[in-house]
Amino acid sequence: MVMPAKTKHVLTRTQLREIWPELSPEEQIRKFKKLSALEAAHFFADLQTRDQARIILTLPIKERRLWLRALDPDDAADIIQATKEDEQQALLNMLDQSTRNEVIALLTYAQDVAGGLMNPRYIQVKPDLRVDEAISYIRRRAREQEQVETIHYIYVLDREQHLLGIVSMRELFQASAQQQVKDIMHTQLITVAENLDQEEISVLFSKYALLALPVVDQQGRMKGVVTVDDIVDVVQKEATEDIQKLGGTAALTAPYLQIGVVGMVKKRVGWLTVLFIGEMLTASTMQFYEKEIARAVVLALFLPLIISSGGNAGSQACTLVIRAISLGEVRIRDCLRVLRRECVVGFLLGCVLGFIGLIRVLFWPFASKVYGQYFILIGLAVSLSIIGIVLWGALIGSFLPFVLKKAGLDPATASAPFVATFVDVTGLIIYFSVASCILHGTLL
């Protein structure tokens with residue numbers, strides 16, 4: 001009896017993408033090498049730079065050279081930058097001389113600026129070319145797909161590489177064959193400086209709905225193009241870092257499950273230590289008001305309520321303002337406008353919470369027995385304190401991101417836990433000060 005031959009299961013890139021995060025680094029490499037050449041090329045292009053670099057370094061020398069030479073200069077630069085210094089020169093030597101020069105030039109820029117994101121390969125034409133000549137030239141270049149980043153836009157340059165204008169492929173095909181490029185090009189240009197931060201670039205892409213942006217130096221000479229697919233990765237990365245910082249941790253340099261326990265502790269212990277030391281000031285503040293607490297122990301019952309109200313209001317304002325700054329909705333010049341707005345919002349929120357707190361004290365069963373004969377004054381002290389603390393928390397939470405932005409720091413470092421801790425300490429001062437004024441001569 002002849003047994004049917006077993007069908008060999010071939011892993012597709014879609015299947016591998018689904019299980020990729022669950023695999024160990026060794027299993028990832030092993031399964032990647034089982035992909036067909038075409039599948040591997042597509043899968044490789046979708047990987048994060050860190051994984052691309054790891055795969056490149058595990059390949060034999062000949063294959064490593066082929067993979068590197070198939071990459072665009074900006075992608076090759078990212079991969080080389082993700083490797084150790086003693087490995088970078090060896091990878092650079094595998095590139096052809098022209099590409100190596102382009103990659104070396106890109107490596108002089110920081111990774112998070114336009115120069116570090118751009119591709120130096122794009123289609124350029126002279127302004128005095130006829131439209132039919134320009135189309136013929138572009139057609140020849142388009143056959144060399146690996147040589148250019150995008151052909152959606154054609155850049156018009158002079159002999160010194162100054163950017164004079166931009167024309168789209170549609171406009172070229174719609175124009176008369178005998179017209180010159182300079183007659184149909186757009187001269188009102190949206191460009192980015194080579195040292196412009198990647199977050200600001202993402203705002204431009206979102207605002208103008210562009211597919212690519214030209215990068216120019218201070219003299220207006222074109223250096224390369226940043227495309228929207230580069231920015232998609234940037235936006236995701238920046239948003240992830242901001243969320244992690246807002247949670248009170250350092251930005252993670254790898255996916256959560258790929259960071260070891262020791263590495264995770266290092267990322268989180270710094271902020272936790274700062275916050276813990278900050279909370280020690282809470283104990284010091286309470287010690288300062290020790291006599292007031294001893295005379296009216298009932299005040300201590302409302303401490304969790306007081307502390308959480310201010311911290312939550314500050315965290316809310318901080319998160320909203322940081323996101324607005326990141327999206328370009330708010331700038332430093334809007335600081336006073338934001339503070340005025342948060343002053344009103346914080347006061348109204350405080351009134352709502354303060355009223356609920358007052359009702360909680362006045363109408364609690366057996367309030368006079370639980371809080372004593374002056375329960376009405378206690379309720380008033382709690383209510384007014386909450387109004388003041390929520391207002392204060394909203395102002396601090398909205399102001400701190402502007403301070404950090406003005407200082408050239410990332411506003412996201414004004415994490416919600418940090419704002420909450422600061423408001424906790426200062427909120428106690430507000431609470432006991434208000435209580436001292438209202439209850440003076442009675443319980444205090």
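Only a predicted model underlies this, so the values are computations on that prediction, with no experimental measurement involved. (Residues numbered from 1 in each chain as written. Predicted model: local features only at pLDDT ≥ 70, side-chain atom pairs only at ≥ 80, totals over all residues. Heavy atoms only, no water.)

To continue, consider the overall build of the protein. For the protein, the count of helices and strands is 21 helices and 6 strands. Looking at the protein residue by residue over its 444 residues, the buried ones come to 43%. When the accessible surface of the protein is summed, it comes to about 24900 Å², and 60% of that surface belongs to carbon and sulfur atoms. (Helix = DSSP H or I, 4+ residues; strand = E, 2+ residues; numbered from the N terminus. Buried < 20%, exposed > 50% of the residue type's maximum accessible area, 1.4 Å probe, protein only. Areas by Shrake-Rupley, 256 points an atom, 1.4 Å probe, with all protein chains shown as cover.)

Counting across every chain of the model gives 6 salt bridges. Residue Asp51 pairs with Arg54 through a salt bridge whose shortest N-O separation is 2.8 Å. One end of the pair, Asp51, and the other, Arg54, are both in helix H4 (residues 49–58), 3 residues apart, so they sit about a helical turn from each other. According to the relative accessible area criterion, Asp51 is buried, its value standing at 5%. (Salt bridge = Lys/Arg side-chain N within 4 Å of Asp/Glu carboxyl O.)

Spatial strand order, S1-S2-S3: 3 strands in an open sheet with mixed pairing. Pairing within the sheet leaves two strands with one partner each, and these edge strands are strand S1 (124–125) and strand S3 (163–168). Pairing of S1 with strand S2 (residues 153–157), which is carried by 2 bridges, proceeds in the parallel orientation. Directly across from Val125, in S2, lies its bridge partner Val156. (Pairing = 2+ DSSP bridges.)

Most of strand S5 (residues 212–216) is tucked away, with 5 of its 5 residues classed as buried. Burial of S5 is two-sided: the residues Ala212, Pro214 and Val216 facing one way and the residues Leu213 and Val215 facing the other way are all buried. When strand S4 (residues 192–193) meets S5, the two strands line up parallel, connected through 2 bridges. The residue bridging Val192 from the neighbouring strand is Val215, located in S5. Two elements, S5 and strand S6 (residues 222–227), share 5 bridges in a ladder whose sense is antiparallel. Its bridge partner lying in S6, Val215 is registered against Gly224. Here S5 hands over to S6 after 5 residues, with Gly220 in that stretch at a positive phi of 85°.

In this structure, Gly388 sits in helix H20 (residues 375–406). Between the C-alpha atom of Gly388 and that of Gly427, which follows or precedes it by 39 residues, the distance is 8.3 Å.

Let us now look at a nonpolar patch on the surface. Residues Val352, Leu353, Phe355, Ile356, Ile359 and Phe363 make up a contiguous nonpolar surface patch of roughly 600 Å² in combined accessible area. Following the sequence through the fold, Leu353 ends up in helix H18 (residues 335–362). (Patch = residues over 30% accessible without salt bridge, like charges linked within 9 Å, V, L, I, M, F, W, Y side chains within 5 Å.)

In this section: the packing of helix H6 (residues 73–81) against helix H8 (residues 97–107). It is the contact of H6 with H8, at a shortest axis distance of 9 Å, that shows an interaxial angle of 60°. Compared by their axis directions, H6 and H8 come out oblique. As H6 packs across H8, the resulting crossing turns out to be right-handed. Across from Pro73, Asp74, Ala76, Ala77, Ile80 and Gln81 in H6, the residues of H8 making contact are Glu102, Val103, Leu106 and Leu107. Residue composition of the contact of H6 with H8, grouped by class: 7 nonpolar, 1 polar and 2 charged. (Axes fitted to C-alpha atoms, helices over the stretch in contact; angles between N-to-C directions. Parallel < 35°, antiparallel > 145°, perpendicular 65-115°, else oblique. Left-handed = near helix turned anticlockwise from the far one by under 90°. Contact = heavy atoms within 4.5 Å. Nonpolar A, V, L, I, M, F, W, Y, C, P; charged D, E, K, R; others polar.)

As a further point, take the sheet that holds S6. Spatially, S4-S5-S6 is the arrangement adopted by the 3 strands of the open sheet, whose pairing is mixed. Edge strands, defined here as strands with exactly one partner in the open sheet, are S4 and S6. The strands touched by helix H13 (residues 198–208) within the sheet are S4, S5 and S6, with S5 carrying the most contacts at an inclination of about 135°.

Our next topic: helix H2 (residues 25–32). Of the residues making up H2, those classed as buried are Gln28, Ile29 and Phe32. Relative to the axis of H2, the buried residues are bounded by an arc of 95° and lie together on one face. Where the residues of H2 are buried, they touch helix H1 (13–19), helix H3 (37–46), H4 and helix H5 (61–69). (Arc of directions from axis to C-beta.)

Even without being a glycine, Gln161 presents a positive backbone phi close to 70°. Topologically, Gln161 is positioned in the loop between S2 and S3.

Judged by nonpolar contacts, the single largest core of 53 residues is most densely connected at Phe32, Phe44, Tyr155, Ile201 and Val226. Ignoring anything within four residues of it in the chain, the contact list for Phe44 reads Phe32, Gln52, Ile55, Ile56, Trp67, Leu71 and Ile79. In this structure, Cys318, Ile386, Leu428 and Tyr431 belong to the second largest nonpolar core, which totals 25 residues. (Core = buried A, V, L, I, M, F, W, Y, C linked by side-chain atoms within 4.5 Å.)

With that out of the way, let us pick up H18. Residue pairs three or four apart in sequence face the same way in an α-helix, which turns once every 3.6 residues. Its 28 residues place the ends of H18 39 Å apart at the C-alpha level, agreeing with the 40 Å of an ideal helix rising 1.5 Å per residue. Within the sequence span of H18, burial applies to Cys335, Val338, Leu339, Glu342, Gly346, Gly350, Gly354, Gly357 and Val361. (Expected span 1.5 Å × (residues − 1).)

The next point concerns the packing of aromatic side chains. Tallied over the entire structure, the rule returns 7 aromatic pairs. Centroid distance Phe44 to Trp67: 4.8 Å. Interplanar angle 50°. Geometry classified as tilted. A residue pair is termed long-range when its members are at least 10 positions apart, and Phe44 in helix H3 and Trp67 in helix H5 qualify at 23 residues. Between Tyr431 and Phe432, the ring centres sit 5.2 Å apart and the planes meet at 40°, which makes this aromatic pair tilted. As far as burial versus exposure is concerned, Tyr431 and Phe432 are alike and both buried. Grouped by ring-pair contacts, the aromatic residues Trp20, Phe32, Phe43, Phe44 and Trp67 constitute a single cluster. (Phe/Tyr/Trp six-rings, centres within 6.5 Å; stacked < 30°, edge-to-face > 60°.)

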